Amino acid sequence: MSLGRLVDATVASGKVRAAELTITTTCSAGLLLSDDRESAERALTGYGRRFRNLFDACPAWRRDLSDILAACTKLEKLSLFYCGSGHGTLWQVRHARLEDIRISRCAIYGVDLVWLPTLERFVFQGWSSTTQRLVSFGHVPRLTTVTLSNDIGDGEQTLKLSRILANTSSTLTDLRLNFKGDNIWIQPETSRRLTDAFRNLKTLKIRNVHHECGLAWIMFLLQSAPHLQELYIKLMNHDCVECARKNVPWEVAPSFKHYNLAMITILGFYSTEETIVTFIRHLVQAAVKLKKICIRENAASFCYLCGHTELPAGSRFPRTYEKTWTLSEKRIGAYISNLKRAAIPQEFHSKLN
């Protein structure tokens, strides 16, 4: 029995509770990245033909994402990696029991979450084009966590969070944004719509912000999230991709105060020390009820693009700083009333005044 028929018979039995099919090829990444486009296209065409033969041997499979969801009535978690119906396709999703959707590097124009009464978590990573129709939330009464992650390189297009998250205001409590060390793809704004979308936001996690983009723009998110309690920021700790990054300026009135932010975590450091010093000063001045700040070094990580495993110069704390410093609730109170008595590494004191 062929692999295709075996999989088809298993699915058709109706007894499968979890299924995972990974198809790998012997086509090397080096061939795909080489200048020999003719050989690369010939290899891709051959593997595509073999995959189509496998798919044709499985009549019980549905060939459209909407058909798959319609057939899998008890589905609770859906993960899609490198798939889709093609660029320019808007995928409309309806399902009664889905709780978790993860879309990564898929060839779709946008996702319209039309009717998902039990959806709690949504992840969208690596979209190919930035449009205001990238994500649309319809009936999602239980959605609490949204993750958006992308690297746009030299791209000019940005997203307005006020449009994307317009229908999530009653339930959204956890927002996670990953910029992959490239340009900032959200458009800074202060609008009633964004404040409404963030009205119940409690946790904000921002990952891989490159130093060339600055940190001041993060303040617009705080201004629009009055009930935010925890802020997590991971600074870019590796740079092997060259692109024209742009600083994203943002001005905050000295009178701005945030009355619910209690915990700030910053992972990493910039070689341009003044950038992070100025940002910390603005944060602590604005956060009236801040209880704890934790700044830690980035852990060494492996880069799949260049094989780099060591932290580059500038992303570590200067060796005179402690690796971790925490401001207790008692000491942060003293800091708010007198910046000079802040529990901050001694090298920062003169710069925070």
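Note that this is a predicted model, so its numbers are computed, not measured.

Reading guide: rules and limits
- Residues numbered from 1 in each chain as written.
- Predicted model: local features only at pLDDT ≥ 70, side-chain atom pairs only at ≥ 80, totals over all residues.
- Heavy atoms only, no water.
- Core = buried A, V, L, I, M, F, W, Y, C linked by side-chain atoms within 4.5 Å.
- Buried < 20%, exposed > 50% of the residue type's maximum accessible area, 1.4 Å probe, protein only.
- Contact = heavy atoms within 4.5 Å.
- Phe/Tyr/Trp six-rings, centres within 6.5 Å; stacked < 30°, edge-to-face > 60°.
- Helix = DSSP H or I, 4+ residues; strand = E, 2+ residues; numbered from the N terminus.
- pLDDT = per-residue confidence, 0-100.
- Salt bridge = Lys/Arg side-chain N within 4 Å of Asp/Glu carboxyl O.

K.L.:
What exactly am I supposed to notice about the nonpolar core here?
P.N.:
A general trend in soluble globular proteins is that nonpolar side chains are found buried together. Among the nonpolar cores identified, the biggest contains 73 residues, and Phe 122 and Trp 217 are the most heavily contacted of them. For Phe 122, the residues in contact, after removing those within four places along its chain, are Ile 101, Ile 103, Val 111, Leu 113, Val 135, Phe 137, Leu 143, Thr 145, Val 146 and Thr 147.

K.L.:
Looking at this structure, I do not really get the packing of aromatic side chains. What am I missing?
P.N.:
By convention here, two paired aromatic rings are described through the distance between centres and the angle between planes. Per the stated rule, a full pass over the model turns up seven aromatic pairs. Ring centres 5.4 Å apart and planes at 80° place the aromatic pair Phe 179 and Trp 217 in the edge-to-face group. You can see Phe 179 sitting in the loop between strand 8 (174-178) and helix 6 (192-197) and its partner Trp 217 sitting in the loop between strand 9 (203-209) and helix 7 (218-224), a full 38 residues away along the chain. The same class applies to Phe 179 as to Trp 217, namely buried. Chaining the aromatic ring pairs together yields one cluster made of Phe 122, Phe 124, Trp 127, Phe 137, Phe 179, Trp 185 and Trp 217.

K.L.:
I would appreciate a short explanation of the confidence of the model for the protein in the present structure.
P.N.:
Low pLDDT marks stretches whose predicted atomic positions should not be read closely. The pLDDT averaged across the protein works out to 78; a share of 70% of its residues lies at or above 70. By mean pLDDT, the top-scoring element of the protein is strand 8 (97), and the lowest-scoring one is helix 9 (residues 329-337) (46). A low-confidence stretch, residues 319-353 stays under pLDDT 50, and its non-local contacts, those more than four residues away or across chains, total 62 contacts.

K.L.:
I keep staring at the pattern of salt bridges and nothing clicks. Help me out?
P.N.:
Note that side chains of opposite charge can pair when their charged atoms are close. Taken as a whole and judged by the stated rule, the model has seven salt bridges. Notably, a salt bridge pairs Glu 38 with Arg 42, separated by 3.7 Å at the nearest N-O pair. In this pair, Glu 38 and Arg 42 are both assigned in helix 3 (residues 37-56), four residues apart and thus about one turn of the helix distant. For Asp 100, the salt bridge goes to Arg 121, with nearest N and O atoms at 2.8 Å. Note that Asp 100 is positioned in strand 3 (residues 100-104) and Arg 121 in strand 5 (residues 121-125), a separation of 21 residues in sequence. Of the residues examined, Asp 100 reaches a relative accessible area of 13% and is grouped as buried. Within this structure, Asp 100, Glu 120, Arg 121 and Arg 142 form a network of salt bridges that share partners.

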